[in-house]
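Observations on chain architecture
If you want the building blocks of each chain, they are given just below.
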Amino acid sequence: LLLQLRESLKAYHSLKKKYEELMAEVQQLEAEKESLASQLEKATADPSTGCSAAIKRQLEKVELSLNRARRETLTHRQKYKEAENQAR
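Let me sum up the structure you'll find in this document. Because the structure is predicted, anything quoted here is derived from the model rather than measured. (Residues numbered from 1 in each chain as written. Predicted model: local features only at pLDDT ≥ 70, side-chain atom pairs only at ≥ 80, totals over all residues. Heavy atoms only, no water.)

**Focus on the overall build of the protein chain**
The helix and strand tally for the protein chain stands at two helices and zero strands. For 88 residues, the compact-globule formula gives about 12 Å, and the C-alpha radius of gyration of the protein chain, at 19 Å, lies well above that figure. Counting only contacts in the protein chain whose residues sit at least 6 apart along the sequence, the fraction spanning at least 24 positions is 70%. Both charge centroids of the protein chain, one from 17 positive and one from 14 negative side chains, sit 5 Å from each other. (Helix = DSSP H or I, 4+ residues; strand = E, 2+ residues; numbered from the N terminus. Rg over C-alpha atoms; globule rule 2.2 N^0.38 Å. Contact = heavy atoms within 4.5 Å. Lys, Arg positive; Asp, Glu negative; His and termini not counted. Charge placed at Lys NZ, Arg CZ, Asp CG, Glu CD.)

Here is the structure:
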């Protein structure tokens, strides 16, 4: 029983670490998305400042990554809660 508890705690800590990494990734991607959105807004307002098509493509890539990270975060949050309940 003690060995099972130790294994559960290892899995719990592993899930917690992965969840925290995913949350940091989500925050970084959201900041990048906001930055790109403001760049795109400036580029469309003043076409001489940069290529809005390239910024749009980059923004789409960031949004796809952000959606993926959010899905993974949700999955890990559920696994994390299950592991926490098992540890109790």
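Text resumes after the structure shown.
**Considerations on the nonpolar core**
One finds V26, L29, L36, L40, A43, I55, L59, V62, L66 and A69 forming the largest nonpolar core, which totals ten residues. Sorting the residues of this core by element identifies α1 (2-45) and α2 (52-87) as the ones contributing at least two each. Excluding its chain neighbours within four sequence positions, the residues that come into contact with I55 are L36, Q39, L40 and A43. (Core = buried A, V, L, I, M, F, W, Y, C linked by side-chain atoms within 4.5 Å. Buried < 20%, exposed > 50% of the residue type's maximum accessible area, 1.4 Å probe, protein only.)

**Points about the pattern of salt bridges**
Under the definition given, this model contains five salt bridges. R68 is the salt-bridge partner of E25, the closest N and O atoms lying 2.6 Å from each other. With E25 in helix α1 and R68 in helix α2, the pair connects residues that are 43 residues apart, well separated along the chain. Take R68: its relative accessible area is 29%, and that puts it in the partly exposed class. For E72, the salt bridge identified is with R68, shortest N-O distance 3.1 Å. One end of the pair, E72, and the other, R68, are both in helix α2, four residues apart, so they sit about a helical turn from each other. A cluster of three or more residues bridged by salt bridges with shared partners is formed by E25, R68 and E72. (Salt bridge = Lys/Arg side-chain N within 4 Å of Asp/Glu carboxyl O.)

**What about the environment of R70?**
One can find R70 in helix α2. With a relative accessible area of 38%, R70 lands in the partly exposed category. As a C-alpha pair, R70 and L22 span 48 residues in sequence and 7.9 Å in three-dimensional space. In this structure, R70 is in contact with V26 and E30, ignoring residues within four places of it in sequence.

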